Amino acid sequence: MGKDLNIYTIAREAGVSVSTVSRVMTQSAKVSPEKKQRVEEVIQKYNYRPNALARGLSSTKTHMIGLLAADLENPYYSALITSCEKEINRRGYVPMISSFYMEDERERESLQKMSEMQVEAIVMLGGKSDSLINDPEYAELVNQVLESVPIVTTGFIEGTDCHQVTVDEGEATEMAIRHLISLGHRRIAMIGGFDHMKSTHEKRVRYREELKKYGIEYREGYVKDSNYSIEGGYQAMNEFFEENQMLPTAVIAINDFSAVGIIRSIKEHGYEIPEDIALVSFDNTFIAEAVIPKLTSLSYELNEYGTHLIDTVIGLIEGKEFPCVQKYSARLIVRESSGNPIGK
């Protein structure tokens, strides 16, 4: 190839991305042994020696970290993004933030754009990474991006080697149920989410396990699907009052948004919280202390969680080793909505 050889033609012949060639040449990040070998074989084959311009290109760092979030209108994601952004800035990097508002095609486009902008790494918050439905095409896109940059996700993408820093949803659910059982509740419902979403599925599995452990009957009608909005929680709670079944004495809401809708429904039907129906939610966003009564909620300590995510992603940029899966624990914050033990 002679003088026409450059990192672009090396990438094409080796069957890898330009960024992968760059990282092999500068030894600036971890590259799989198989890809590294293919690149080095092409370099040796042509006895390639990069000129000054090529060296400059291959060593260029953008110092950008991509933050890809499911929905910035959701206070959970907005708080977590804010925490990540602050830590990225503190560490001398530049955040590139994109929200796809739960739209599959927009999520793909955002991921592709971040890769093209040559971010140093990507943090994925929700969306496809929280879905149990396998999407081979999306996994292929993620794997293409992984050739160039590390990806840390708060969920799981089947068929990829993304690093996971996930909330222990099962442990959080166990805390909620044990708290309600300690107050004397045995008719405990769970409202919100969909079973194909990883976080919801894990909560529901542990919900069923905990009821069985305490000898409490599992009632199919006590688990209600709904989206993660205020209106979703409102409509799902309304179903209890429309159905001919015994009302629960306690409800676990999928998030604080849903809890607001549940509160509205309960009050509209002439019941009180927590006197008639106790309520516990997940996320502990600003909403938890803004509503009346204040919500007992599972807190993910989002400032700490965001810092942990960025510690991991910057460590991967620097070539450090991390477990493929890291579990992050929640903390139960008890407020007015769960009340006193039944009968007191």
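Preceding block: the structure.
An account of the accompanying structure is given in this report. (Residues numbered from 1 in each chain as written. Predicted model: local features only at pLDDT ≥ 70, side-chain atom pairs only at ≥ 80, totals over all residues. Heavy atoms only, no water.)

Thoughts on the nonpolar core
Note on soluble globular proteins: their nonpolar side chains tend to be buried together. If you look at the biggest cluster of nonpolar residues, it comprises 83 residues, and the most contacted ones within it are Ile 122, Met 237, Leu 279, Tyr 305 and Leu 309. When near neighbours in sequence (up to four residues on either side) are disregarded, Leu 309 contacts Leu 80, Cys 84, Val 123, Leu 125, Val 152, Thr 154 and Val 165. (Core = buried A, V, L, I, M, F, W, Y, C linked by side-chain atoms within 4.5 Å. Buried < 20%, exposed > 50% of the residue type's maximum accessible area, 1.4 Å probe, protein only. Contact = heavy atoms within 4.5 Å.)

Re the state of the cysteines
Overall, the coordinates contain 0 disulfides when judged by the stated rule. Of the cysteine sulfurs around Cys 84, a residue in no disulfide, the closest is that of Cys 162, at 15 Å. On the basis of relative accessible area, Cys 84 is assigned to the buried category, the value being 0%. Here Cys 324 stays unpaired: no disulfide links it, and the sulfur of Cys 162, its closest cysteine neighbor, is 10 Å away. (Disulfide = S-S within 2.5 Å.)

A few points about the sheet that holds strand 9 (residues 278–283)
Taken in spatial order, the 6 strands line up as 7-6-8-9-10-12 in an open sheet, and their pairing is mixed. In this open sheet, the two edge strands, each paired with only one partner strand, are strand 7 (223–224) and strand 12 (331–333). Strand contacts of helix 10 (residues 230–242): strand 6 (188–191), strand 7 and strand 8 (250–253), with the helix running at about 145 degrees to strand 6, the strand carrying the most contacts. Sitting on the sheet, helix 11 (residues 256–268) is in contact with strand 6, strand 8, strand 9 and strand 10 (296–299), with an inclination near 155 degrees to strand 9. (Pairing = 2+ DSSP bridges. Helix = DSSP H or I, 4+ residues; strand = E, 2+ residues; numbered from the N terminus. Axes fitted to C-alpha atoms, helices over the stretch in contact; angles between N-to-C directions.)

Some points on the pattern of salt bridges
Summed over all chains, the structure comprises 23 salt bridges. Here Arg 204 ties to Asp 225 by a salt bridge, and the two come within 2.8 Å at their closest N and O atoms. Placement of Arg 204 in helix 9 (residues 198–213) and of Asp 225 in the loop between strand 7 and helix 10 is noted, with a sequence separation of 21 residues between them. Classification of Arg 204 as buried rests on a relative accessible area of 11%. The exposure class assigned to Asp 225 is partly exposed, which follows from its relative accessible area of 45%. Residue Lys 224 is joined to Glu 243 by a salt bridge in which the shortest nitrogen-to-oxygen separation is 2.5 Å. Of this pair, Lys 224 sits in strand 7 while Glu 243 is found in the loop between helix 10 and strand 8, placing the two residues 19 residues apart along the sequence. (Salt bridge = Lys/Arg side-chain N within 4 Å of Asp/Glu carboxyl O.)

Concerning the packing of helix 10 against helix 11
For any two helices packed against each other, one specifies the crossing angle of their axes together with the interaxial distance. With their axes 6 Å apart at the nearest point, helix 10 and helix 11 run at an angle of 40 degrees to one another. Comparing the axis directions of helix 10 and helix 11 gives the class oblique. In this structure, helix 10 meets helix 11 at a crossing whose hand is right-handed. Between helix 10 and helix 11, the residues in contact are Ile 230, Glu 231, Gly 233, Tyr 234, Met 237, Asn 238 and Phe 241 and Phe 257, Ser 258, Val 260, Gly 261, Ile 262, Arg 264, Ser 265, Ile 266 and Glu 268, respectively. Residue classes in the contact of helix 10 with helix 11 are distributed as 8 nonpolar, 5 polar and 3 charged. (Parallel < 35°, antiparallel > 145°, perpendicular 65-115°, else oblique. Left-handed = near helix turned anticlockwise from the far one by under 90°. Nonpolar A, V, L, I, M, F, W, Y, C, P; charged D, E, K, R; others polar.)

Focus on the pairing of strand 9
Most of strand 9 sits inside the fold, with 6 of its 6 residues counted as buried. Bridge count for strand 8 against strand 9 is 4 bridges, and the pairing is parallel. In the sheet register, Ile 252 faces strand 9, and the bridge partner there is Val 280. Assessed by its sense of winding, the connection that carries the chain from strand 8 through helix 11 to strand 9 is right-handed. Pairing analysis gives 4 bridges linking strand 9 to strand 10, with the strands arranged parallel. Bridging from a neighbouring strand, Val 280 pairs with Thr 296 of strand 10. (Right-handed = clockwise from strand over helix to strand, strands pointing away.)

Here we look at unusual backbone geometry
For the bond running from Ile 273 to Pro 274, omega is 5 degrees, close enough to zero to count as cis. For the bond from Ile 292 to Pro 293, the omega torsion is -5 degrees, close enough to zero to count as cis. The residue Pro 293 is located in the loop between helix 12 (287–290) and strand 10 in this model. Phi angles above zero are rare outside glycine, and Tyr 101 is one such case at about 50 degrees. Tracing the sequence through the fold places Tyr 101 in the loop between strand 2 (94–99) and helix 6 (104–116). On the accessibility criterion, Tyr 101 (32% relative accessible area) is partly exposed.

Some words on the sheet that holds strand 11 (residues 325–328)
If you trace the 6 strands from one edge of the open sheet to the other, you get 2-1-3-4-5-11, paired in parallel fashion. Either end of the sheet is taken by a strand with one partner, and the two such strands are strand 2 and strand 11. Neighbouring strand axes in the sheet, compared pairwise and without regard to direction, differ in orientation by 20 degrees on average. Sheet analysis places strand 4 (residues 151–153) next to strand 5 (residues 163–167), joined by 2 bridges and oriented parallel. Residue Val 152 lies in a different strand from strand 5, and its bridge partner there is His 163.

Don't take any of this as a statement about function, it's just geometry.
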